[in-house]
Amino acid sequence: MPIVNRIAEFTKDMQGWRRHLHENPELGFECHETARFVVERLREFGVDEVHEGIATTGLVAIINGQGEGPTIGLRADMDALPMPEETGLDYASKVDGRMHACGHDGHTTMLLGAARYLAETRNFSGRVALIFQPAEEGGGGGEVMCDEGIMEKFEIGEVYALHNIPELPLGQFSTTPGPIMAAVDDFEINIKGLGGHGAYPQDTRDPVVAAVAVANAIQTIVSRNLDTRKELVVSVTQIHTGSADNIIHEVAFVGGTVRTFEKDVQAMVQKRLKAICAGVAAAYDVEVSLTYNIGYPATVNDAEKVAVAAKVATEISGVDNVVADQQPEMGAEDFSYMLERRPGAYLFLGQGEGPGVHNTGYNFNDEISPIGASFFARMVETRQPVKGA
């Protein structure tokens, strides 16, 4: 890999940073020790400004280049997942029930590697804003950081992020213009009928059969209500009711997830869920209440920024290792909030074979740290070259 030579020289340091972070995972907005470690490294590197306490434990570090120019944002997420680790590594998590199972320890490391290089060389104009974000895994830390004004305060004009992917070959970049990851919503449907003895169903208003009817009807949203040229996932993932085989319980619960790329499709799903709930309530003589929770929006890349990012990725990994028109993923990512505020690009970086993310056996591959750091560094130098150079 033609990674930046200077970054290659501190590959061992990056491995040490990453494994320290891996051993000490933190959740949500409570990334206090992680943020402290990041700040210590940044001050060692000689960055010009460190702004802490954004979205509780998030931070933004500024590196000034040569002369006037715009500000480019680079983002890494810092939080872990509430799950046990079963890797058997000598640097496995020291905290029971917490694990860096999505590689955010590696994302933080890659951005730290880029920070060290950029602070040393400053071969760019304007400024770099290094965004270290908590609470990507369900907390919406990216939205909170934006709501607290980082884009405006630091005059960030465009923003970029990477995410490791075990399914891709080592060092392969993958991205696409437009939507790359879906919006994620969830729904909760509570059904109340009249319980009774299982031998005398005629004396009940059965919420169990109503729950089954709701679940079956939901399947028609994709198959009968969606424009076939658009993409949508609606999955029923929970049905809860009952306590014994001879009791018809009074209540039932149906829950699930919705993944969309377009606002009109999202609105259609909400409308159809309301209609289904109302229809089942009338048909089965039960009370049905729907709660629809809107989550992360779709992650939408700017076409121009993707073209530049793909060019930089090609310089790092070669033309055969860059896919610039991948199929959008149905997973979700709260970098989406930053891309709603500023144009930019989100890319996947392959780390080779191994367990997938959110798996108790997953581990970030340290071999890709200098690749990701080189990408971040070259994005800055490409987007904001020194004037006259």
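Scroll up to find the structure this text is about.
Residues numbered from 1 in each chain as written. Predicted model: local features only at pLDDT ≥ 70, side-chain atom pairs only at ≥ 80, totals over all residues. Heavy atoms only, no water.

**Some details on the overall build of the chain**
We apply this condition: Secondary structure elements follow DSSP: runs of H or I of four or more residues count as helices, runs of E of two or more count as strands, with numbering from the N terminus. The buried label applies to any residue whose accessible area, calculated with a 1.4 Å probe on protein chains only, is under 20% of its type's maximum; exposed applies above 50%, and partly exposed to all values in between. The contact criterion used throughout is that any non-hydrogen atoms of two residues lie within 4.5 Å. Each accessible area is a Shrake-Rupley result for a 1.4 Å probe, and residues are judged covered by the shown protein chains and nothing else. When charges are counted, Lys and Arg are positive and Asp and Glu negative, with His and the chain ends excluded. For this purpose, a charge sits on NZ of Lys, CZ of Arg, CG of Asp or CD of Glu.
Along the chain, the regular secondary structure elements total 11 helices and 16 strands. With the principal axes as the frame, the chain shows a C-alpha extent of 85 × 45 × 40 Å. Sorting the 389 residues of the chain into buried and exposed places 53% on the buried side. Residue pairs at least 24 apart in sequence account for 82% of intrachain contacts in the chain once pairs closer than 6 positions are excluded. Of the roughly 16100 Å² that the chain leaves accessible, carbon and sulfur atoms contribute 48%. Averaging the positions of the 31 positive and the 55 negative side-chain charges in the chain gives two centres separated by 5 Å.

**Let's talk about the side chain of Q133**
Inclusion rule: Each polar contact in these results corresponds to two N or O atoms within 3.5 Å; when the atoms are within protein, one needs to be able to donate a hydrogen and the other to accept it, and residues that are neighboring in sequence are counted only if both atoms are side-chain atoms.
On the secondary structure map, Q133 appears in strand β4 (residues 127-133). On the accessibility criterion, Q133 (0% relative accessible area) is buried. Here the side chain of Q133 touches D334 through a polar contact of 3.0 Å, side chain to side chain. If near-sequence neighbours (up to four positions away) are discounted, Q133 is found in contact with R75, A76, D77, M78, D79, G141, G142, M145, D334 and M338.

**Observations concerning the packing of helix α2 (residues 11-23) against helix α3 (residues 32-45)**
Worth spelling out the cut-off: Between N-to-C directions, angles cover 0 to 180 degrees, with each direction set by a line fitted to C-alpha atoms, over the stretch in contact for helices. Working rule for angles: under 35 degrees goes down as roughly parallel, over 145 as roughly antiparallel, 65 to 115 as roughly perpendicular, anything else as oblique. Two helices crossing with the near one rotated counterclockwise from the far one by less than a right angle form a left-handed crossing, whereas a clockwise rotation gives a right-handed crossing. Any residue that is not Ala, Val, Leu, Ile, Met, Phe, Trp, Tyr, Cys, Pro, Asp, Glu, Lys or Arg is counted as polar, Gly included; the first ten are nonpolar and the last four charged.
Where α2 meets α3, the closest approach of the two axes is 10 Å, and the angle between their N-to-C directions is 160°. By the angle class used here, α2 and α3 are roughly antiparallel. Pair α2 / α3 crosses with right-handed handedness. Judged by residue contacts, W17, H20 and L21 of α2 engage T34, F37, R41 and F45 from α3. Class assignment of the residues belonging to the contact of α2 with α3 gives a composition of 4 nonpolar, 2 polar and 1 charged.

**So, the sheet that holds strand β5 (residues 156-165)**
Spelled out, the test is: Two strands form a pair only when DSSP identifies at least two bridges running between them.
Spatially, the 8 strands line up as an open sheet ordered β1-β2-β4-β3-β5-β16-β6-β15, and their pairing is mixed. At either margin of the open sheet sits one strand with a lone partner, and together these are β1 (49-54) and β15 (322-323). Together, β2 (58-64), β3 (71-77), β4, β5 and β16 (344-350) form the strand contacts of helix α4 (residues 104-121), whose direction differs from that of β3 by roughly 145°. Sheet strands in contact with helix α11 (residues 369-383) are β3, β4, β5, β6 (173-174) and β16, and its direction is about 160° off that of β5.

**A few points about the packing of α4 against α11**
Look at α4 against α11: their axes get within 8 Å of each other, and the N-to-C directions meet at 45°. Relative to α11, the element α4 lies oblique. Read as a crossing pair, α4 and α11 show a hand that is right-handed. Counting all contacts with α4, which are made through T109, M110, L111, G113, A114, Y117, L118 and T121, the residues of α11 involved are S369, G372, A373, F376, A377, V380 and E381. Of the residues assigned to the contact of α4 with α11, the class counts are 9 nonpolar, 5 polar and 1 charged.

**A word on the environment of F187**
Turning to its location among the elements, F187 is positioned in strand β8 (residues 183-192). Given the relative accessible area of 1%, F187 is considered buried.

**A short note on the pattern of salt bridges**
Opposite charge on two side chains lets them pair, provided their charged atoms get close. Cut-off, in case you're wondering: Counted as salt bridges are all cases of a side-chain nitrogen of Lys or Arg within 4 Å of a carboxyl oxygen of Asp or Glu.
Inspection of the entire model under this criterion finds 26 salt bridges. Note that E333 and R75 form a salt bridge whose closest N and O atoms lie 2.5 Å from each other. Highlighted residues: E333 in the loop between β15 and α10 (335-341) and R75 in strand β3, separated in sequence by 258 residues. In this structure, E333 and R75 share a single accessibility class: buried. The salt bridge partner of E304 is K305, with a shortest N-O separation of 3.5 Å. Taking relative accessible area as the criterion, E304 reaches 48% and is therefore assigned partly exposed. Its relative accessible area of 7% is what places K305 among the buried residues.

**Points about the nonpolar core**
A general trend in soluble globular proteins is that nonpolar side chains are found buried together. As a reminder of what qualifies: In this text, buried Ala, Val, Leu, Ile, Met, Phe, Trp, Tyr and Cys residues form a nonpolar core when linked through side-chain atoms within 4.5 Å.
Counting residues in each nonpolar core, the largest one holds 64 residues, and the members touching the most others are L42, L118, L130, F132, F173 and F375. Here this core takes 8 residues from α4, the largest share from any one element. Residue contacts for F375: discarding those within four places in its chain leaves L162, F173, A309, V312, A313, I316 and L347.

**What to know about α3**
To keep things clear, this is the line we draw: Expected helix span is taken as 1.5 Å per residue step, with the number of steps being one fewer than the number of residues.
Between the first and last C-alpha of α3 there are 20 Å, a value that for 14 residues agrees with the 20 Å anticipated at 1.5 Å per step. The set of residues buried in α3 consists of T34, A35, F37, V38, V39, R41, L42 and F45. For α3, the secondary structure elements touched by its buried residues are α2, β1, β2, α4 and β4. G46 sits one or two positions beyond α3 and adopts a positive phi of about 85°.

**A word on the packing of aromatic side chains**
Filter applied, for reference: Ring geometry is summarised as follows: Phe, Tyr and Trp rings, the Trp one being its six-membered ring, pair when their centres sit within 6.5 Å, and such pairs are stacked at plane angles under 30 degrees, edge-to-face over 60 and tilted between the two. Working rule: Lys NZ or Arg CZ, within 6 Å of ring centre, within 35 degrees of ring normal, means a charge sits over the ring.
Within the structure shown, the criterion is met by 6 aromatic pairs. Here the aromatic rings of Y346 and F348 are separated by 5.5 Å at their centres, their planes lie at 85°, and the arrangement is edge-to-face. Summarising the aromatic geometry, the rings of F375 and F376 are spaced 6.1 Å apart at their centres and angled 55° between planes, so their arrangement reads as tilted. This pair shows no difference in class: F375 is buried, exactly as F376 is. One aromatic cluster is present, built from ring pairs that chain together F173, F375 and F376. Sitting above the plane of the F37 ring, R41 keeps its charged end 4.5 Å from the centroid.

So far we have only geometry, and geometry alone does not tell us how the molecule works.
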